[in-house]
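Overview (structure and organization)
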Amino acid sequence: MRKAGRVVAEMHTATREAARAGVTTADLDRVAREVLDRRGARSNFLHYHGFPAVICTSPNSMIVHGIPGDYRLEEGDILSIDCGAIVEGYHGDAAFTMAIGRTSGEAEKLLRVTEESLWAGIDKLHDGNRLHEVGLAVQQVAEGAGFSVVREYVGHAIGTAMHEDPQVPNYWPGTPGPKIKTGMVFAVEPMVNVGGRETRTLADEWSVVTADGSLSAHFEHTIAVTEDGPEVLTLAD
Ligand code: MG
Ligand code: MG
């Protein structure tokens, strides 16, 4: 899983470097494919329930699952890029959101707070804790900054499949979660909106946007629970 995580981290680095005003989201998909090819890794996104690309690209009010295409990035956009890879049968999955050039102060705050909420969640991935502590920590950071947390889409355990049980909600789920044990691996992935938490799916049946049109950010890592605490497998250098 460390190997798959390193490929995903390399996809992050390559797409982040390529993403600027004038570039299309399909261009970024090609950049990510080159990393997979170079590393001999397979895509876990391509053909997933018919998904047509190796990354998801979700600009501005799009929360997740955007299909790379002819959308041309503009100065001031924010863009979420979600990447995945399979190496020797094991999966990695991670996402980040970046600004294209200079963006608004509100957008910058959203990116900072969403990433902070991810790290607050990761910090709870210790043997003996319960899984709901992750979501509670995410929620406290995001809502504490005046933002809202998406409910319909959540994190997940990950291993020989991308999406394994149990789910990892980014909020208090109403009942205590299962106990976290050394050896478990999770994808923690807060989706945070400037406005309300409600979502809407577009006619392409993939793209999920905020119902009120407000900006949304998404950060994700694949993390192994070790005897020494959480080990983030998808961290770029
Ligand atoms: Mg995921
Ligand atoms: Mg992902």
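Notes on the structure follow. None of these values were measured; they are calculated from a predicted model. (Residues numbered from 1 in each chain as written. Chains lettered and ligands numbered in written order. Predicted model: local features only at pLDDT ≥ 70, side-chain atom pairs only at ≥ 80, totals over all residues. Heavy atoms only, no water.)

Thoughts on the pattern of salt bridges
Summed over the entire model, instances satisfying the criterion amount to 6 salt bridges. A salt bridge links Glu231 to Arg2; its shortest N-O distance comes to 2.6 Å. Of this pair, Glu231 sits in strand 14 (residues 229-232) while Arg2 sits in helix 1 (residues 2-18), and the two are 229 residues apart along the sequence. In this structure, the salt-bridge partner of Asp29 is Arg33, at a minimum N-O distance of 2.8 Å. Here Asp29 pairs with Arg33, and both are found in helix 2 (residues 25-39), just 4 residues apart, close to one helical turn. Here the residues in one salt-bridge network are Glu10, Arg38 and Arg39, joined through shared partners. (Salt bridge = Lys/Arg side-chain N within 4 Å of Asp/Glu carboxyl O. Helix = DSSP H or I, 4+ residues; strand = E, 2+ residues; numbered from the N terminus.)

Quick word on the pairing of strand 7 (residues 164-168)
For a regular strand, side chains alternate in direction, first toward one face of the sheet and then toward the other. In terms of strand pairing, strand 6 (residues 155-157) meets strand 7 through 3 bridges, oriented antiparallel. In the sheet register, His156 faces strand 7, and the bridge partner there is Gln167. (Pairing = 2+ DSSP bridges.)

Describing the sheet that holds strand 2 (residues 62-64)
One open sheet holds the 3 strands; their spatial order is 2-11-10, and the pairing between them is antiparallel. The open sheet has two edge strands with one neighbour each: strand 2 and strand 10 (199-201). Across the sheet, the axes of successive neighbouring strands diverge by a mean angle of 40°, strand direction being ignored. As paired elements, strand 2 and strand 11 (residues 208-210) share 2 bridges and run antiparallel to each other. Paired with Met62 across the bridge in strand 11 is Val209. (Axes fitted to C-alpha atoms, helices over the stretch in contact; angles between N-to-C directions.)

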